[in-house]
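# Structural overview
Spelled out from the first residue to the last, the chains are:
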Amino acid sequence: MEFSSILQLEEITKSFSPKIPPAVDHVTLELEKGNILGLLGPSGCGKTTLLRIIAGFEQPQGYLCLDGVLVCGQGVWVAPEHRSVGMVFQDFALFPHLTVGDNVGFGLQGSRKTGDLSRRVAEVMDLVGLRGMEKRYPHELSGGQQQRVALARALAPQPNLVLLDEPLSNLDVQVRLRLRQELRDILKIAGTSAVFVTHDQEEAMAMADQVAVMRAGKLEQVGRPEDIYQHPQSQFVAEFVTQANFLRVHRQGNDWQTEVSDFAIVPDDSETLIDAALLDSCSTGTLMIRQEDLQLRPNAESTTTIRDRQFLGREYRYCLQTDSGKELHARTGIGQALAIGTAVKLSLATQRVQIFPDLASPKLSRPMTLQC
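Here's what I pulled together on the structure shown here. These numbers were taken from a predicted model, which means no experiment stands behind them.

Strands belonging to one sheet form pairs held by backbone hydrogen bonds; the direction of such a pair is parallel or antiparallel. Spatially, five strands are ordered E2-E1-E4-E5-E6 in an open sheet, and the strand pairing comes out antiparallel. Of all the strands in the sheet, just strand E2 (24-31) and strand E6 (76-77) have a single pairing partner and so form its edges. Across two bridges, the pairing between strand E5 (residues 69-73) and E6 is antiparallel. Residue Cys72 lies in a different strand from E6, and its bridge partner there is Trp77. Of the strands in this sheet, strand E1 (7-14), E2 and strand E4 (61-66) are in contact with helix H1 (residues 47-55), which crosses E1 at around 120°.

With six of eight residues buried, helix H8 (residues 235-242) lies mostly within the body of the structure. Every buried residue belonging to H8 is among Phe236, Val237, Ala238, Phe240, Val241 and Thr242, and all of these are buried. At the C-terminal side of H8, Gln243 shows a positive phi close to 50°.

With that out of the way, let us pick up the pattern of salt bridges. Summed over the entire model, instances satisfying the criterion amount to 17 salt bridges. The closest approach of N and O atoms between Asp200 and Arg176, which form a salt bridge, is 2.9 Å. Highlighted residues: Asp200 in the loop between strand E9 (193-198) and helix H6 (201-207) and Arg176 in helix H5 (residues 173-190), separated in sequence by 24 residues. Salt-bridge contacts for Arg331 lead to Glu315; the nearest nitrogen and oxygen are separated by 2.7 Å. Within this pair, whereas Arg331 is found in strand E20 (residues 327-332), its partner Glu315 is found in the loop between strand E18 (305-311) and strand E19 (316-321), the two being separated by 16 residues in sequence. Among the residues examined, Arg331 registers a relative accessible area of 25% and is labelled partly exposed. In this structure Glu315 comes out as partly exposed when scored by relative accessible area, which is 25%. When salt bridges that share partners are traced, they join Arg148, Arg178 and Glu182 into one network.

Right, let's get into the sheet that holds strand E11 (residues 218-223). On the basis of which strands lie adjacent, the open sheet formed by six strands has the order E7-E8-E9-E3-E10-E11 and mixed pairing. Sheet topology places strand E7 (85-88) and E11 at the edges, where each strand pairs with a single neighbour. Between one strand and the next, the sheet's axes are offset by a mean angle of 20°, whatever the strand orientation. Of the strand pairs in this sheet, strand E3 (residues 36-40) and E9 are connected by five bridges, and their pairing is parallel. Of the residues in E9, the one forming a bridge with Ile36 is Ala194. Most of the contacts of H1 go to strand E8 (residues 161-165), to which it runs at about 150°, and overall it touches E3, E7, E8, E9 and strand E10 (210-215). The sheet strands contacting helix H4 (residues 143-155) are E7 and E8, and the helix crosses E7 at an angle near 170°.

About the criteria used
- Along each chain, residue indices are assigned from 1 in the same order as the chain's sequence is written.
- With the structure being a predicted model, the display of local features is reserved for residues of pLDDT at least 70 and the display and counting of side-chain atom pairs for 80 or more, all residues being used for whole-chain, interface and lining totals.
- Calculation of side-chain values draws on the structure's entire complement of heavy atoms; hydrogens and water are dropped beforehand.
- The rule for pairing is simple: two strands pair if DSSP sees at least two bridges between them.
- Only DSSP runs of H or I covering at least 4 residues are called helices, and only runs of E covering at least 2 are called strands; the numbering of each starts at the N terminus.
- Any two residues having at least one pair of non-hydrogen atoms within 4.5 Å are treated as being in contact.
- Every angle, taken between N-to-C directions, lies between 0 and 180 degrees, and every axis is a line fitted to C-alpha atoms, over only the stretch in contact when it is a helix.
- Classification of residues uses two cut-offs on accessible area relative to the type maximum, computed with a 1.4 Å probe and protein chains only: under 20% is buried, over 50% is exposed, and between them is partly exposed.
- Each reported salt bridge corresponds to a side-chain nitrogen of Lys or Arg within 4 Å of a carboxyl oxygen of Asp or Glu.

Printed below as a string of structure tokens:
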């Protein structure tokens, strides 16, 4: 094994009982130095367990390397305090009886001289924008300030890797929006690699250089945020990350028929890996349409109607109901507001769509990108 990354996991598996499926199931991934990885998934998917495994709080099967050093596997086990890993907990876990400065310097006790300790505390306090608050106590700070203190404490020993367990979940919406950029900036300025857990798709996309989507203990897809969003490799990833619409489709020649409209779509030029015979044998599947790619046009003859409309500041979000009762969603600009109850014709604002075929073939296990 070669250990070139800040974090390398190979076939990591963790079971808490032989009677239930593993909480983490054969996970393999790498994180390059200086990058931020977001572990994204619904509750119970194993992302926090995986974070605890990296920290050393859980002992799994498989191999785990930190900065080129094997810390788990082949009979090796390195305790959490010797892994050079900083941890930021969901509830901040600050000591209420200690000042902010003492909280930040807690992990440095005994490892530095008093003058060096004070200088390091001042450095990280300045890094997180809290210089001058060293003498305050946690209860005298806002939630956002407490989170930055928790991050400063994790950064103070200059760890190789910082782990954050849903770091923004206890904050209100406006603070979360501001602090997620601040957290990313702080980590980038410090040059520190990080792994954070979240169930918020937007948060993962905004903060992470790399996103790992988890489901039932397994990795569904790993990649850059834009790749995950634009090219989901499973319907689960498409549903969880893009919050797209999904319509059953049936192929008739080059036309793919849905309950709301027929779309004339053909294989995209980039789909070189799909065998033509396999494609021809695929006649049914599920069409993915992102909310922003769905266009609405009033049409009295249409059986699709606007059930509700939400104003989101920069756009409208329409809730549509088809003749069968299926619910679809569309996001449009605010230039034209369509009334609730309006019958609308649906069309696509994109030339490329993705279809998840029903064909059960290993050669066609990924979605097809098709061109309108």
